[in-house]
Amino acid sequence: MTLDLAAELTSRLAKQKQQHRYRSRKVIDSPQDVELQCGGKPLLSFCSNDYLGLANHPALVKALKDGAERYGVGSGASHLVTGHNYAHHALEEALAEFTQRPRALLFSSGYMANLGVISALTNPQSNIHEDRLNHASLIDAARLSGAAMRRYPHNDIEILNKYLEKSNDDHPFIITDGVFSMDGDIAPLPQLATTAAQHNATLMVDDAHGIGVLGEQGRGTIEHFGLNHDDVPILVGTLGKAFGTAGAFVAGSEEIIETLIQQARTYIYTTALPPAIAHATMTSLKLIETEAWRREKIQALIQYFRNGAKQLGLNIEPSRTPIQPLIIGDSAETTRISDALQQQGILISAIRPPTVADHSARLRITFSANHTEVHIEQLLSSLAKVMKHNAT
Ligand SMILES: *Cc1c(COP(=O)(O)O)cnc(C)c1O
């Protein structure tokens, strides 16, 4: 490294610190769960995406071991060479059935699924319309594709319509998160589907935070609204959140999936997930399908938290999902509150710009089916102490 580069990086990092945007990684020395160990200290966590409490579920741990016994550890190659294992194939078929679509295709991560889908299905002449609060991977994907991207104000169908009227693309794309990752609100999919139909546009939904959690059967935001494959032809789901494992999938028509296999570079040029992970994900899927109580319990916990938070006068956002952000605004103050909570044994990391808009730093509180009402009482009483201290 040249001295020039070192000096530039040092000054960039210093600037990030000065803006209270510097991030440091906490080392977790236990399995991911609501009660975990961090630096040898027990903490009660409210900030994972393990919504259904499956990441450390004994049946998944056992399935992963069984999968390793049967298929070994590494997949050894990309899907198109020799990495495509029976375990991957069976999971794709099960995910297609679960999402009620002709086919599904596994990717190594949600980030890669979004990059692959958007760059394979669009061309530089395409018009892509994205919600302003879409996940970074969807924004990056549109940039990578070389297509023209326009970001409409959050959930604003009227402005989206205006943009579409001016579009010079015969078949534009509308792309949205199903559940917005930092706010927890649900995209107005029925209105988006109607708008898409009116403009001959294709609607793509990234349901990373909805799949497994919303809908009676856990089929996500699309089920929540009673929509189907025709309304939302492209569905992306991730496996590292509610499914408790790793990876992601795209579900859609035969033509879409076959195009992705042939042309999505993040599918073609990467090593397939370990087959044991796919094998363990079959167990997640079974739990998601058969244990509706996990979704019911989350909803009850959300209600319990929201009632308590209202009594404390906390300014919580109108979210019906396990993502219940408490917007503080100032980054330094958000970090202070997060640190003070940790002193009380509560782990909630501070989410700051540029992950969220300027002046909207927040505590992104999330719930898991493994939380109890007692845990929520602890959270509320710690918030009361820390926020009161804040006011004085
Ligand atoms: C987490 C997330 C992703 C990325 O998924 P990974 O599997 O973690 O790469 C994509 N989209 C949304 C909306 C997410 O929240």
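Residues numbered from 1 in each chain as written. Predicted model: local features only at pLDDT ≥ 70, side-chain atom pairs only at ≥ 80, totals over all residues. Heavy atoms only, no water.

**Thoughts on the sheet that holds strand β1 (residues 35–38)**
Strand order in the open sheet formed by 3 strands is β1-β2-β11, and the pairing between neighbours is mixed. The outermost strands of the open sheet, each flanked by one partner alone, are β1 and β11 (346–347). With 4 bridges joining them, β1 and strand β2 (residues 41–45) adopt antiparallel strand pairing. Note that in β2 the partner of Q37 across the bridge is P42. (Pairing = 2+ DSSP bridges. Helix = DSSP H or I, 4+ residues; strand = E, 2+ residues; numbered from the N terminus.)

**Quick word on the domain arrangement of the chain**
Segmenting the chain into domains produces domain 1 (25–52 + 292–391) and domain 2 (58–290). Here the C-alpha centre of domain 2 lies 27 Å away from the C-alpha centre of domain 1. Its largest share of buried area at the contact with domain 2, domain 1 owes to L52, R295 and T321, together 32% of the area lost on that side. Between the two partners, domain 1 and domain 2, sit 1 salt bridge. Between R362 and D183 there is a salt bridge, and its shortest N-O distance comes to 3.1 Å. Summed over the shared surface of domain 1 and domain 2, the number is 10 residue pairs in polar contact (both at pLDDT 80 or more). Here the side of domain 1 that touches domain 2 is built from residues that sort into 8 nonpolar, 4 polar and 5 charged. (Domains from an automatic or database assignment. Buried area = accessible area lost by both parts, 1.4 Å probe. Salt bridge = Lys/Arg side-chain N within 4 Å of Asp/Glu carboxyl O. Polar contact = N/O pair within 3.5 Å; in protein donor to acceptor, adjacent residues only side chain to side chain. Nonpolar A, V, L, I, M, F, W, Y, C, P; charged D, E, K, R; others polar.)

**Quick word on the sheet that holds strand β4 (residues 127–131)**
Overall, mixed pairing links the 7 strands, which are arranged β3-β9-β8-β7-β6-β4-β5 in an open sheet. The open sheet has two free edges, formed respectively by β3 (103–107) and β5 (148–152), since each of these has just one partner strand. Strand-to-strand twist of the sheet, defined as the mean angle between neighbouring strand axes without regard to direction, takes the value 20°. Relative to strand β6 (residues 173–177), β4 is paired through 3 bridges, and the arrangement is parallel. (Axes fitted to C-alpha atoms, helices over the stretch in contact; angles between N-to-C directions.)

**Re the pattern of salt bridges**
Side chains that differ in sign of charge can pair as their charged atoms come close. With the rule as written, the count across this model stands at 10 salt bridges. Between R103 and E254 there is a salt bridge; the shortest N-O distance is 3.0 Å. On the criterion of sequence distance, the pair formed by R103 in strand β3 and E254 in helix α10 (residues 254–263) is long-range, its members being 151 residues apart. Classification of E254 as partly exposed rests on a relative accessible area of 42%. In this structure, R336 and E333 form a salt bridge, with 3.1 Å as the shortest nitrogen-oxygen distance. Within this pair, R336 and its partner E333 are both found in helix α14 (residues 331–343), separated by 3 residues, close to a single helical turn. (Buried < 20%, exposed > 50% of the residue type's maximum accessible area, 1.4 Å probe, protein only.)

**Quick notes on the packing of aromatic side chains**
In total, this model carries 4 aromatic pairs according to the counting rule given. Seen from their ring centres, F46 and F367 are 5.9 Å apart, and the 85° between their planes marks the pair as edge-to-face. One end of the pair, F46, is in the loop between β2 and α2 (58–71); the other, F367, is in the loop between β13 (361–366) and α15 (373–391), with 321 residues separating them in the sequence. Of the residues examined, F46 reaches a relative accessible area of 0% and is grouped as buried. (Phe/Tyr/Trp six-rings, centres within 6.5 Å; stacked < 30°, edge-to-face > 60°.)

**Here we look at the site of the ligand**
Surveying the vicinity of the ligand reveals 14 residues, the closest of which are G110, Y111, D206, H209 and K241. G110 is positioned such that a nitrogen or oxygen atom in its backbone is 2.7 Å from an oxygen atom of the ligand. H135 is positioned with one of its side-chain polar atoms (N or O) 3.5 Å from a nitrogen atom of the ligand. Contact with the protein chains covers 81% of the free accessible surface of the ligand, which is 380 Å². Among the elements that make up the shell around the ligand, the one with the highest residue count is helix α5 (residues 110–121) (3 residues). (Near = heavy atom within 4 Å. Areas by Shrake-Rupley, 256 points an atom, 1.4 Å probe, with all protein chains shown as cover.)

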